[in-house]
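Structural overview for review
Each chain, written out:
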Amino acid sequence: MMSIFRNIVKNMVVLLAAGMLFSTSVQADVVGSTAPDFTLKSRSGENVKLSELRGEVVMINFWASWCAPCRQEMPLLEDIYKKYSDLGFVLLGVNVEEDSSKAADLLREIPVSFPILYDNTNEVTKLYKVVAMPSTVMVDRNGTVRYLHRGYLPGYEEEYIKQIKELIKE
């Protein structure tokens, strides 16, 4: 029985290490590169094109209605957006679900004023190599991906604010 337990633990450690290596290599491919351009339909019905936001600091937050950490993070992102939007900061919430009605239901529960975009086909999600929900990408004024965050835990918003301030000052 003990040897079975040891094998399970050993396999879990190997899988965790492989996941960390994969995550690091994916991040290395994205951070420091030009943010892949995209155009997505917003909840207001307008198209939003990332390259048209050059000159702004852009936070792209990939989220889904089924994601509990996304729900927890959403009101905090709203606070950040309200505080920094007048300083050259844009927050784009990119919903990754095929059925955008689920996103609409969540947004009735947790209203936000920042633009919500719909990636129903996951093309943009794939461009950004999103492997966790939520995932947050920080793009500087020149269109370069500077930071990438996978997942959300309480306190991450403090890191977001620090990075936003840094990028706004540049």
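Everything below is about the structure shown above.
One structure accompanies this document, and this report is about it. (Residues numbered from 1 in each chain as written. Predicted model: local features only at pLDDT ≥ 70, side-chain atom pairs only at ≥ 80, totals over all residues. Heavy atoms only, no water.)

With respect to helix 3 (residues 100–109)
Looking at helix 3, one finds that the buried residues are Ala103, Leu106 and Leu107. Along helix 3, the residues classed as buried sweep out an arc of 100 degrees about the axis, all on the same side. Set apart from the buried face of helix 3 by more than 90 degrees, the exposed residues are Arg108 and Glu109. Its buried side turned inward, helix 3 meets strand 3 (57–63), helix 2 (68–84), strand 4 (89–95) and strand 5 (116–118). (Buried < 20%, exposed > 50% of the residue type's maximum accessible area, 1.4 Å probe, protein only. Helix = DSSP H or I, 4+ residues; strand = E, 2+ residues; numbered from the N terminus. Arc of directions from axis to C-beta. Contact = heavy atoms within 4.5 Å.)

Concerning helix 2
Taking 1.5 Å per residue as the helical rise, helix 2 with its 17 residues ought to reach 24 Å, and the 25 Å between its terminal C-alpha atoms agrees with that figure. Taking the largest bend as the criterion, helix 2 deviates by roughly 30 degrees, centred on Met74, and proline Pro75 comes between one and four positions later. For helix 2, the full list of buried residues reads Cys70, Glu73, Met74, Leu77, Glu78, Ile80, Tyr81 and Tyr84. For helix 2, the secondary structure elements touched by its buried residues are strand 3, strand 4, strand 6 (135–139) and helix 5 (156–169). (Expected span 1.5 Å × (residues − 1). Bend = angle between axes of the 7 residues up to and from the residue.)

What to know about the packing of helix 2 against helix 5
It is the contact of helix 2 with helix 5, at a shortest axis distance of 11 Å, that shows an interaxial angle of 25 degrees. Here helix 5 runs roughly parallel to helix 2, going by the angle between their axes. When the axes of helix 2 and helix 5 are compared, the crossing they make is right-handed. Residues Glu73, Leu76, Leu77, Ile80 and Tyr84 of helix 2 lie in contact with helix 5, whose contacting residues are Glu157, Tyr160, Ile161, Ile164, Lys165 and Ile168. Of the residues contributing to the contact of helix 2 with helix 5, the split by class is eight nonpolar, no polar and three charged. (Axes fitted to C-alpha atoms, helices over the stretch in contact; angles between N-to-C directions. Parallel < 35°, antiparallel > 145°, perpendicular 65-115°, else oblique. Left-handed = near helix turned anticlockwise from the far one by under 90°. Nonpolar A, V, L, I, M, F, W, Y, C, P; charged D, E, K, R; others polar.)

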